[in-house]
Amino acid sequence: MYYKIFIVICLTVINLHANEYTVCEVERFDVNKAKEAIETILLSEPTNTKCLLQLANIYLKQGRIAKGFEILVDAYSVDPHNVQQSPIASVLPFALKVTNLRKQAGATNDKELWNKLGDGYYEMGIFNEAVYMYRKSLSADNTQDEIRLKLSISLQKNCQTYSAIEELKTIVEHEPSHIYANYYLGKILTYDVKNLEEARRFFKRAKEALISKKEEVPYLEYTNLLSDITKELKE
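Focus: the overall build of the protein chain
In terms of helices and strands, the protein chain carries 13 helices and zero strands. Along the protein chain, from the amino end to the carboxyl end, the secondary structure elements read α-α-α-α-α-α-α-α-α-α-α-α-α. Counting over 235 residues, the protein chain shows a buried share of 46%. Considering only residue pairs separated by 6 or more positions, the protein chain has 50% of its internal contacts joining residues 24 or more positions apart. Summed over all atoms, the accessible surface of the protein chain reaches about 12,500 Å², with 52% contributed by carbon and sulfur.

Points about the pattern of salt bridges
This structure, assessed with the given rule, holds eleven salt bridges. Lys150 serves as the salt-bridge partner of Asp119, at 3.1 Å between the closest nitrogen and oxygen. One end of the pair, Asp119, is in helix α7 (residues 111-124); the other, Lys150, is in helix α9 (residues 145-157), and 31 residues separate them in sequence. Judged by relative accessible area, which is 23%, Asp119 ranks as partly exposed.

As for the nonpolar core
Buried together is how nonpolar side chains tend to be arranged in soluble globular proteins. Ranked by internal contacts, the top residues of the largest apolar core, which has 66 residues, are Phe69, Leu72, Leu117, Tyr121, Leu168, Leu210 and Ile229. A total of eight residues in this core trace back to one element, the largest contributor, which is helix α3 (residues 49-61). Leave out the neighbours within four places in its chain, and Leu72 touches Leu53, Ala56, Val83, Ile88, Val91, Leu92 and Ala95.

Side note on the side chain of Glu129
Its location among the elements puts Glu129 in helix α8 (residues 127-140). Despite its burial, Glu129 pairs with no opposite charge, the nearest such side chain being Arg102 at 4.4 Å.

Notes on the packing of aromatic side chains
Considering all chains together, one arrives at six aromatic pairs under this definition. Considering the side-chain rings of Tyr180 and Tyr183, the 6.1 Å spacing of their centres and the 85° angle between planes classify their relative orientation as edge-to-face. Residue Tyr180 and its partner Tyr183 are located together in helix α11 (residues 179-191), separated by three residues, close to a single helical turn. Residue classification places Tyr180 among the partly exposed positions, given a relative accessible area of 24%. Accessibility expressed as a relative area gives 10% for Tyr183, which makes it buried. Seen from their ring centres, Tyr183 and Phe203 are 6.3 Å apart, and the 70° between their planes marks the pair as edge-to-face. Here Phe203 lies in helix α12 (residues 196-212) and Tyr183 lies in helix α11, a separation of 20 residues in the sequence. Across the pair, Phe203 and Tyr183 agree in class, each one buried. Through a chain of ring-to-ring contacts, the aromatic side chains of Tyr180, Tyr183, Tyr184 and Phe203 assemble into a single cluster. Sitting over the face of the ring of Phe202, Arg201 holds its NZ or CZ atom 4.6 Å from the ring centroid.

Re the packing of α11 against α12
Remark: α11 packs on α12, axes separated minimally by 8 Å, with the N-to-C direction vectors making an angle of 155°. Classed by the angle they form, the pair α11 and α12 counts as roughly antiparallel. For the pair α11 and α12, the crossing hand works out as left-handed. For the pair α11 and α12, the contacting residues are Ile179, Asn182, Tyr183, Leu185, Gly186, Lys187, Leu189 and Thr190 in the first and Leu196, Glu198, Ala199, Phe202, Phe203, Arg205, Ala206, Ala209 and Leu210 in the second.

Focus: the side chain of Thr190
Mapped onto the elements of the fold, Thr190 is located in helix α11. According to the relative accessible area criterion, Thr190 is buried, its value standing at 12%. A distance of 2.7 Å separates a polar side-chain atom of Thr190 from the backbone oxygen of Gly186. Those residues in contact with Thr190 that lie beyond four places of it in its chain are Leu196, Ala199, Phe203 and Glu232.

What about the confidence of the model for the protein chain?
Of the residues in the protein chain, 88% have a pLDDT of 70 or more, and the chain-wide mean is 90. This stretch, residues 14-28, has a pLDDT under 50; its non-local contacts, to residues over four places away or in other chains, come to 34 contacts.

Re the packing of α7 against α9
Running from amino to carboxyl end, α7 crosses α9 at an angle of 35°, the nearest separation of the two axes being 11 Å. Relative to α9, α7 is oriented so that their crossing is left-handed. Contacts between α7 and α9 involve Asn115, Asp119 and Tyr122 from the former and Ile147, Lys150, Ile153, Ser154 and Lys157 from the latter. Considered class by class, the residues forming the contact of α7 with α9 number three nonpolar, two polar and three charged.

Procedures and definitions
Residues numbered from 1 in each chain as written. Predicted model: local features only at pLDDT ≥ 70, side-chain atom pairs only at ≥ 80, totals over all residues. Heavy atoms only, no water. Helix = DSSP H or I, 4+ residues; strand = E, 2+ residues; numbered from the N terminus. Buried < 20%, exposed > 50% of the residue type's maximum accessible area, 1.4 Å probe, protein only. Contact = heavy atoms within 4.5 Å. Areas by Shrake-Rupley, 256 points an atom, 1.4 Å probe, with all protein chains shown as cover. Salt bridge = Lys/Arg side-chain N within 4 Å of Asp/Glu carboxyl O. Core = buried A, V, L, I, M, F, W, Y, C linked by side-chain atoms within 4.5 Å. Lys, Arg positive; Asp, Glu negative; His and termini not counted. Phe/Tyr/Trp six-rings, centres within 6.5 Å; stacked < 30°, edge-to-face > 60°. Lys NZ or Arg CZ within 6 Å of the ring centre and 35° of its normal. Axes fitted to C-alpha atoms, helices over the stretch in contact; angles between N-to-C directions. Parallel < 35°, antiparallel > 145°, perpendicular 65-115°, else oblique. Left-handed = near helix turned anticlockwise from the far one by under 90°. Polar contact = N/O pair within 3.5 Å; in protein donor to acceptor, adjacent residues only side chain to side chain. pLDDT = per-residue confidence, 0-100. Nonpolar A, V, L, I, M, F, W, Y, C, P; charged D, E, K, R; others polar.

Dropping the structure here:
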């Protein structure tokens, strides 16, 4: 579901140019100049929904989805009819839901709400937003190893390789037999850092932990993971 919504966002944001202020047309050539010009207009006209919609569109195109949603919801609060008639209206229901959830999470600092937001963005492939949400969750409770694992994967997918390694090493420091933390350390060190010697050490740990927990791991997951680790170790 989240992935389908992401596709809708990608298809929608490229079409929000018609009937906007002339200054907004600068976006076709220089997004940053367009953004500055629109924000200048909004300083004196904060309820200008046309410019709010265009600014939301810019943020969405830049991958700053949460900020784009927030501005879209602001525009909706000013002029629901105009927003509902705009090309970007197709993502409005999800924007309202996510923005409301984020407000609740901000007010309560509830780790489960931050995790829900993080998972939603992760499933959509919006890893920069997933990183932010998982970090907020860990600031509320830093003992969540599985959330830290998701954070590390999000960081790696967001090309923050060494930050991902740091988070994974934090997991194995207090849980040396964590299967997936060791496994992903092996993967990242092999393919991103090219440190094959250190990677082998973590793959060995992952294999030992997996075998010791054979009865706890679903059969298909166990066999696939064992096969892949064995392949990486060239055994």
